[in-house]
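# Results of the structural survey
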Amino acid sequence: MKPFRFGLFVPGESPLHRLDPRVKILSVVVLGVLTFQASAEAAILITLLLAGLTGLSRLRPRHLLDALRPLMVFAALLFLIHLFFTDGEAPVSLSAGPFRITREGLRQGGIVVWQFFALVSMGVLLTMTTGPSDLVAALEKILSPLKILRVPTQDLAVMVSLALRFLPTFLEEMEKLKTARLARGADWRRGGAVHRVKTAASLVVPLLLGAARRADDLAEAMEARGYARGPRTGLRELRMAGSDYAALAFVAGFSGLVLVSGLL
Amino acid sequence: MIVLDGVSFRYGEDGPDVLRGVDLRLREGEYVALAGHNGCGKSTLLKHLNALLVPTEGTVTVDGLDTRDSSLQRGIRRAVGMVFQNPDHQIVGMTVEEDVAFGPGNLALPPREVRECVREALARVGLEGYESRAPHTLSGGEKRLVSIAGVLAMKPRFIALDEPTAYLDPVSRRRVLDLIVGLHRQGMGILHVTHSIGNIVDADRLVVMERGSIALDDRPEAACAALASGRFPGLEAPPVATLMAELKSLGWGVNPNVLSIREACREIDACLARRPGERP
Ligand SMILES: Nc1ncnc2c1ncn2[C@@H]1O[C@H](COP(=O)(O)OP(=O)(O)O)[C@@H](O)[C@H]1O
Ligand SMILES: [Mg+2]
């Protein structure tokens, strides 16, 4: 299950780890929006901030890079699309075929790739310093005003954590089934379309049946353990400390700075 | 006390009777083992103990509370914990501690108490230090212990376990069995569904089911002697019971109602003492 190391929680005691998860989520949202508005000066500010936060998180930079590496191809693609398909003036007369490399394309590609990596880094910093249960608890709290609109935020939170709980199990089962099918000589890289669809179905159908059976059992087990409508509690209570308010104030100040730098 | 009185049950309107006229009592602090062939209705019976299923005919009461009364079900489920057959289908938390906290959280206990329940339950099953492990990284035996801890965290007075030792290696099996015996010693009422009768020498009673009804309900020694005599083909008695039954059928004057090797040796020794000439 190697590919799923991406952005996984790394337990720790850093200031970033200890921050209230609601503050972290809120900050990611605010900084994410800023990233799309950023001037060149602001881009530098945000980049510096991210570098600072990475230091503060005490995560090994290698871990962060490992998380970003699988996205390189995607970033390169983003860059090329903008490079070739942005209208503008060609710096060198290099118009080969329908593609034209333009000065604007170069600039646009650079910006988009920076935005992409800035956003992903924020997300990865969030998920690597926040346990999944804290993340879900924080989301529930942030969404709780929606209760007025009769949105079952508590059930939603339970559903999200169930999904996260069973994702690795699901992937393991898929791997097992695939191996079993291969051992019996199935090969979906060969044969006609009908054959391929059939082999794929032989994989998907048992997976879905298994998932449905599990969902039934799960509902029963949750009922047996007292799950019902009504108030629930958990292991932790989210409570804002002085440092959390300080972090919020800092994010507000930083946002102001970025907006001002854009006006200059 | 849990009392099943003439319980019959069908899945769906015109399905077959899965349970037929079951009478069963589980007293406070009693350890009852339940055995029977696949599909005879053991799991179905178990789900009646905490109102997951309610009888089509007859009644089930927990401390006098009728499981059919939906306003009482919350309390009934708190009193009777249920450990299901497949731990993979009952662990709901992203981490071990999160899972064990699910039950106490549903009771809306304050977080400090939830943490206390979790700590206590993990200690009881011997899984301290596993708090932040993800369920899919655990071994089969550890998953089983987590699923038991999740039930213990709600502090039930009865616990029903559906084949808790199935698919476990011998070491984990021993661990789970020792845990069950320990819970029994601490006064927990236990209903233990099992396939291997060798597991239940510590039980107070052994109940055998056949096609939805109770065919045998006796002290383990007597029940195993009945199994050893071949009354229930396919259900294997523990080797000691089989040996004693065999000796008896060969004309030895031994008491076949023993389950431990030590007791069996004593019986054989006494028998030999009565026939001094044949003693080696
Ligand atoms: N959810 C269900 N719907 C319909 N029939 C079921 C259901 N669960 C079990 N049965 C049937 O009830 C009978 C008893 O099943 P079960 O209680 O699981 O037996 P055991 O646990 O002793 O193996 C079986 O014939 C089974 O097919
Ligand atoms: Mg069963």
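Shown above is the structure to which this text applies.
Residues numbered from 1 in each chain as written. Chains lettered and ligands numbered in written order. Predicted model: local features only at pLDDT ≥ 70, side-chain atom pairs only at ≥ 80, totals over all residues. Heavy atoms only, no water.

Moving on, we get to the nonpolar core. Counting 51 residues, the largest nonpolar core has B:Val100, B:Ile148, B:Ile159 and B:Leu206 as its most contacted members. If you list the elements that add at least two residues to this core, you get β3 (31-36), α3 (96-100), α5 (111-124), α6 (140-152), β7 (158-162), α7 (170-185), β9 (205-210) and α8 (220-228) of chain B. It is α6(B) that provides the largest number of residues to this core, a total of 6 residues. Excluding residues within four positions of it along the chain, B:Val100 makes contact with A:Arg225, B:Val118, B:Ala121, B:Leu122, B:Val146, B:Ala149, B:Gly150 and B:Ala153. The next biggest cluster of nonpolar side chains, apart from the first, holds 31 residues, and it includes B:Val7, B:Leu49, B:Val60 and B:Val193. (Core = buried A, V, L, I, M, F, W, Y, C linked by side-chain atoms within 4.5 Å. Buried < 20%, exposed > 50% of the residue type's maximum accessible area, 1.4 Å probe, protein only. Helix = DSSP H or I, 4+ residues; strand = E, 2+ residues; numbered from the N terminus. Contact = heavy atoms within 4.5 Å.)

Below, the discussion takes up the sheet that holds β3(B). Residue and element names in this part refer to chain B. The 6 strands are arranged β6-β7-β8-β3-β9-β10 in an open sheet whose pairing can be described as mixed. Edge positions in the sheet fall to β6 (80-83) and β10 (213-218), since each has one partner strand and no second. Each strand of the sheet is rotated relative to its neighbour by a mean of 15 degrees, with strand direction disregarded. Across 5 bridges, the pairing between β9 and β10 is antiparallel. Note that in β10 the partner of Val 208 across the bridge is Leu 216. Across the sheet, α8 is in contact with β9 and β10; its angle to β9 comes to roughly 40 degrees. (Pairing = 2+ DSSP bridges. Axes fitted to C-alpha atoms, helices over the stretch in contact; angles between N-to-C directions.)

Glancing now at the pairing of strand β2 (residues 17-26) of chain B. Sheet topology places strand β1 (residues 2-10) of chain B next to β2(B); 6 bridges connect them, and they run antiparallel. By the bridge assignment for β2(B), B:Val7 is matched with B:Val22.

Residues and elements named next belong to chain B. Around ligand 1 sit Tyr 11, Val 18, His 37, Asn 38, Gly 39, Cys 40, Gly 41, Lys 42, Ser 43 and Thr 44, and those are all the residues in its vicinity. The separation between an oxygen atom of ligand 1 and a polar side-chain atom of Thr 44 is 2.5 Å. Taking 560 Å² as the accessible area of ligand 1 by itself, protein coverage stands at 54%. In terms of residue count, helix α1 (residues 42-48) provides more of the shell around ligand 1 than any other element does, 3 residues in total. Residues of the shell around ligand 1, tallied by class, amount to 3 nonpolar, 6 polar and 1 charged. (Near = heavy atom within 4 Å. Polar contact = N/O pair within 3.5 Å; in protein donor to acceptor, adjacent residues only side chain to side chain. Areas by Shrake-Rupley, 256 points an atom, 1.4 Å probe, with all protein chains shown as cover. Nonpolar A, V, L, I, M, F, W, Y, C, P; charged D, E, K, R; others polar.)

This part covers the environment of A:Thr233. In this fold, A:Thr233 is placed in the loop between α9 (193-224) and α10 (242-263). Using a relative accessible area of 23% as the deciding quantity, one classes A:Thr233 as partly exposed. Sequence-wise, A:Thr233 and A:Ala137 are 96 residues apart; in three dimensions their C-alpha atoms are separated by 10.0 Å. A polar side-chain atom of A:Thr233 sits 2.5 Å from the main-chain carbonyl oxygen of B:Leu109.

For the rest of this paragraph, the subject is helix α10 (residues 261-273) of chain B. All names here are of chain B. Compared with an ideal rise of 1.5 Å per residue, which puts 13 residues at 18 Å, α10 spans 18 Å between its outermost C-alpha atoms and is within 8% of the ideal. Looking only at α10, the buried set comprises Ala 264, Cys 271 and Leu 272. Buried positions in α10, seen along its axis, are confined to an arc of 100 degrees and lie on one side of it. Facing away from the buried side of α10 by over 90 degrees, the exposed positions are Arg 262 and Arg 266. On the buried face of α10, the contacting elements are α9 (239-249). (Expected span 1.5 Å × (residues − 1). Arc of directions from axis to C-beta.)

What follows is about the sheet that holds β2(B). Judged by pairing direction, the sheet is antiparallel, and its 4 strands sit side by side in the order β2-β1-β4-β5 (chain B) without closing on themselves. The outermost strands of the open sheet, each flanked by one partner alone, are β2 and β5 (65-66) of chain B.

This part takes up the packing of aromatic side chains. Residues and elements named next belong to chain A. All chains considered together, the criterion is met by 5 aromatic pairs over all chains. Judged by centre distance (5.3 Å) and plane angle (55 degrees), the rings of Phe 74 and Phe 116 are tilted. Remark: Phe 116 occurs in helix α6 (residues 103-129) and Phe 74 occurs in helix α5 (residues 72-85); sequence separation between them is 42 residues. Residue Phe 74 is classed as partly exposed on the basis of its relative accessible area of 46%. Classification of Phe 116 by relative accessible area gives buried; the value is 15%. With centroids separated by 5.5 Å and ring planes inclined at 65 degrees, the aromatic side chains of Phe 116 and Phe 117 adopt a geometry described as edge-to-face. (Phe/Tyr/Trp six-rings, centres within 6.5 Å; stacked < 30°, edge-to-face > 60°.)

As a further point, take the interface of chain A and chain B. Counting residues at the interface gives 30 residues for chain A, matched by 34 residues for chain B. Between chain A and chain B, roughly 2900 Å² of surface is buried when both sides are summed, and carbon and sulfur atoms account for 57% of that area. Sorting the residues of chain A by area buried against chain B places A:Arg165, A:Arg225 and A:Leu235 first, and these three jointly supply 31% of that buried surface. Applying the counting criterion to the chain A and chain B interface returns 5 salt bridges. A salt bridge links A:Arg236 to B:Glu97, with the shortest nitrogen-to-oxygen separation between them at 3.8 Å. Viewed at the interface, chain B and chain A are joined by 14 residue pairs in polar contact (both at pLDDT 80 or more). Contributing elements (two or more residues each) for the side of chain A that touches chain B: α7 (132-143), α8 (153-183) and α9 of chain A. In terms of residue class, the side of chain A that touches chain B is made up of 14 nonpolar, 6 polar and 10 charged. (Buried area = accessible area lost by both parts, 1.4 Å probe. Salt bridge = Lys/Arg side-chain N within 4 Å of Asp/Glu carboxyl O.)

Below, the discussion takes up the packing of helix α3 (residues 40-57) of chain A against α10(A). Residue and element names in this part refer to chain A. Contact geometry of α3 with α10 gives a least axis separation of 8 Å together with a crossing angle of 155 degrees. Between α3 and α10, the interaxial angle falls into the category roughly antiparallel. Classified by chirality, the crossing of α10 by α3 is right-handed. Facing α3, whose interface residues are Glu 41, Ala 42, Leu 45, Ile 46 and Leu 49, α10 presents Phe 250, Phe 254, Leu 257, Val 258 and Ser 261. (Parallel < 35°, antiparallel > 145°, perpendicular 65-115°, else oblique. Left-handed = near helix turned anticlockwise from the far one by under 90°.)

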